[in-house]
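Each chain, letter by letter, is given below.
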Amino acid sequence: MGDVTEKEMDNLTFKSDTVLSDVHLHCPNKSRLMVRLNAVGQPVFLSYFKLLWNTDDQASEKNARETTAEREHQYRSGDELPNKDGSNLKYKKEWNTEGTEALLDEDGDLEVVRRPQSASDSEAEDLMRDRVYPVILMRGKEDAFEDEEQECTCSNVIKIEHTMATPLEDVGKQVWRAAFLLADYILFKRDMFRSCTVLELGGGTGIASIIMGTVANRVYCTDVGEDLLAMCEQNVALNKHLMEPGGGEIKVKELDWLKDEFCTDPEALYSWSEEEIADLHDYCTVIMAADVFYDDDLTDALFRTLYRITHNLKHSCTVFLAIEKRLNFTLRQMDVTCEAYSHFRSTLNDLENLHDGKMKYSVEPIKPDFCQFLIYERIEQLELWKIIADQLT
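Residue positions are given per chain, counted from 1 along the sequence in the order it is written. Where local features are concerned, this predicted model is filtered to residues with pLDDT of at least 70; where side-chain atom pairs are given and counted, the filter is 80 or more; whole-chain, interface and lining totals use all residues. Only hydrogens and water are set aside; all other atoms, that is, all heavy atoms of the structure, feed into the side-chain values.

Undergrad: I keep staring at the nonpolar core and nothing clicks. Help me out?
TA: In globular proteins that are soluble, nonpolar side chains generally tend to be buried together. Grouping buried Ala, Val, Leu, Ile, Met, Phe, Trp, Tyr and Cys residues that are joined through side-chain atoms within 4.5 Å yields what is termed a nonpolar core. When accessible area is computed with a 1.4 Å probe and restricted to protein chains, residues below 20% of their type maximum are described as buried, those above 50% as exposed, and intermediate ones as partly exposed. Ranked by internal contacts, the top residues of the largest apolar core, which has 48 residues, are F49, I158, L182, M212, F320 and L384. The helix and strand labels rest on DSSP assignments: H or I over at least four residues marks a helix, E over at least two residues marks a strand, and numbering proceeds from the N terminus. Per element, the largest residue contribution to this core is 9 residues, and it comes from helix α6 (residues 177-188). Residues within four places of I158 in sequence aside, it is in contact with S47, Y48, F49, I207, I210, I211, N239, L242 and L374. Two residues qualify as a contact provided that any one of their heavy atoms is within 4.5 Å of a heavy atom in the partner residue.

Undergrad: Help me understand the sheet that holds strand β7 (residues 157-162), please; the structure alone is not making it clear to me.
TA: One requirement defines pairing of two strands: DSSP has to find at least two bridges between them. One open sheet holds the 3 strands; their spatial order is β1-β2-β7, and the pairing between them is antiparallel. Unpaired on one side and paired on the other, β1 (33-37) and β7 mark the two borders of the sheet. Within this sheet the neighbouring strands show an average axis-to-axis angle of 30°, counted without direction. In the sheet, β1 pairs with strand β2 (residues 43-50) via 4 bridges, with the strands oriented antiparallel. Considered in β2, the bridge of R36 is made with V44. Lying over the sheet, helix α9 (residues 226-238) contacts β1, β2 and β7, oriented at roughly 160° with respect to β7. Axes here mean lines fitted to C-alpha atoms, for a helix over just the part in contact, with angles spanning 0 to 180 degrees between N-to-C directions.

Undergrad: Explain a nonpolar patch on the surface here, please?
TA: Taken together, the side chains of V19, L168 and Y294 make up a nonpolar region of the molecular surface, amounting to roughly 240 Å² of accessible area. With respect to the helices, strands and loops of the structure, Y294 is situated in the loop between β11 (284-290) and α12 (296-312). Only residues whose relative accessible area exceeds 30% and that form no salt bridge enter a patch; like-charged residues are grouped when within 9 Å of one another, and nonpolar side chains (Val, Leu, Ile, Met, Phe, Trp, Tyr) when within 5 Å. Under the convention used here, a 1.4 Å probe and the Shrake-Rupley method define accessible areas, while residue burial counts only the protein chains that appear. For this document, the term salt bridge refers to a Lys or Arg side-chain nitrogen within 4 Å of an Asp or Glu carboxyl oxygen.

Undergrad: I tried to follow the side chain of D291 on my own but got confused; where do I start?
TA: As for its placement among the helices and strands, D291 is situated in the loop between β11 and α12. Between N or O atoms, a polar contact is any pair within 3.5 Å; within protein, one atom must be a potential hydrogen donor and the other a potential acceptor, and residues adjacent in sequence are included only when both atoms are from side chains. Of the polar contacts made by the side chain of D291, one reaches the side chain of R326; its length is 2.9 Å.

Undergrad: For this particular structure, what's the right way to read the sheet that holds strand β12 (residues 317-324)?
TA: As a general point, the strands of a sheet are linked pairwise by backbone hydrogen bonds and lie either parallel or antiparallel. The strand order β10-β9-β8-β11-β12-β16-β15 describes an open sheet built from 7 strands, whose pairing is mixed. Both edges of this open sheet fall to β10 (249-254) and β15 (359-366), since each of them pairs with a single strand only. Within the sheet, the average angular offset between the axes of one strand and its neighbour, ignoring direction, is 20°. In the packing of α12 onto the sheet, contacts are made with β8 (197-200), β11, β12, β15 and β16 (382-391), and the angle to β15 comes to roughly 120°. Relative to β16, helix α13 (residues 339-352) is tilted by about 20°, and along the sheet it contacts β12, β15 and β16.

Undergrad: Explain the packing of α12 against α13 to me, please; I cannot follow it from the model alone.
TA: When two helices pack together, their arrangement is captured by the angle between the axes and the distance separating the axes. It is the contact of α12 with α13, at a shortest axis distance of 10 Å, that shows an interaxial angle of 25°. Relative to α13, α12 is oriented roughly parallel. Like other packed secondary-structure pairs, α12 and α13 cross with a definite hand, here right-handed. Between α12, through D296, T299, D300, F303 and L306, and α13, the contact on the second element is made entirely by E339, A340, H343, F344, T347, L348 and L351. Angle categories are assigned with fixed cut-offs, so that under 35 degrees is roughly parallel, over 145 is roughly antiparallel, 65 to 115 is roughly perpendicular, and the rest are oblique. By definition, any crossing whose near helix is turned counterclockwise from its far helix by less than a right angle is left-handed, and any crossing with a clockwise turn is right-handed.

Undergrad: Quick question: what am I supposed to make of the packing of aromatic side chains here?
TA: Here the distance between the centres and the angle between the planes together describe a pair of aromatic rings. Pairing of aromatic side chains requires ring centres within 6.5 Å, counting the rings of Phe and Tyr and the six-membered ring of Trp. Pairs whose planes differ by under 30 degrees are stacked, by over 60 edge-to-face, and all others tilted. The tally for this structure, following the rule as stated, stands at 14 aromatic pairs. When the ring of F293 is compared with that of F344, the centres are 4.4 Å apart and the planes differ by 45°; the resulting orientation is tilted. Here F293, found in the loop between β11 and α12, pairs with F344, found in helix α13; they are 51 residues apart in sequence, far enough to count as distant. Looking at F293, the relative accessible area reads 4%, which means it is buried. By relative accessible area, F344 is classed as buried at 0%. Taken together, the ring pairs connect Y185, F188, F193, F320 and F370 into an aromatic cluster.

Here is the structure:
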C-alpha cells in the first residue's frame, strides 16, 4: 500500500462507485438470472415483473404488503408474533438468556457477549420479510424461471433485461421506481393513450415504452449508447406478446439531448429515417420521461430538447415526467438536500414562465393515488408531473 499514491487511491475509489436501484434491491423472493455479459463486460440479468390486471390481484397484493409491514413493526417493537400453529411468540421479554452475561474489561468498558440463537428466534425470522440479493443461476435462457412461467400467463408478466449496480453514467440500464409510477398511470389512463403516437426520452430498459405499447399506436423509445439501445430492443422483443393484441409498435431510436438534430446517419444502428422524423412531428401528441433528472446538465439538455421537439410538432402535446426525490447529504450545504430535484423544479418553473411568443407550457402535478398495477413500493418521494405544450404561432 505504501507504493500507492493518494491520487491513485482517489481515482480507484471514484471508478468503483456504483449505484443500485431500489427496485432490484428490495424485490422480495425473486432470483435474478444472469443471461449474458454486455459489450462492456457488465452482467445482464433477466427479471420478471407481474402485472396486476384485476382488482383481486391488487387486493391480495395490498393485503400481503400490509401483513408484512405489520409483522415487521411487531418484530421491531417487541410485540407478539403469531407462530405457525396460531400461538404467539413473545419476543422481547421472554428471550432465553441462558449463557448470556455482561462483563467489564480492565478499563471498565462493557463487553457484550453474543447471545446464542434460540429456537424461537429462528421461528420469528421465518416470519420476517427477507432482503433478497441477486443470485447468479447456472442455467440457460430456455430453462430460466420455469416455475414462474408455469404460475404466470404471458398476459400478466413483463420480462426485462437489465444490469445492476452500475456507474452513474450507466444508470439507464437499471429499472427505477419512477418508471413503474409512470407505467401505473399509463395503465390507469389507458383510454387516454389509446392509438396515440408517443415519444419517450431516456427510455432506458424500455419498461415504460413497453407498457405504453400495449395501448398506443406507435412509441418511439429513445436513449443514447448502442449497448443500452440493444438491451432496450431486446426487451421490446421479449414482450411483443403484450403489444400484439392492440397492434402497438415500438421503435427504438437514438436521441441525444446534447445534440440539436436527430441522428440520421444511415450507418448508425438506431438512426432516424426522414419518414420517421416526419411521422413524429405530424402525429406525436404524448411525450414522457421517467427518472432522468439526476444531473443538472442533463436536466437542462432534456428541457432544451423538449422545447425543440414540441415547437416542431403539428399538434399540441402532453408531457408526463416521473421523478423520485432523492435525499443526499452534501458537504457544501452540510445538510440533507435534494439538489437534483431542486434543479428540476427550478427548470420546470422556468419552462412554465416562458414568454417567447412561440410556446406556452402549462404545468401541474398529478396526485399519485391511482391504482397500482406493478409490485413496488410507491414511496411519498415519487412524483408525476403533467405539462401541456401549446404552440402560439
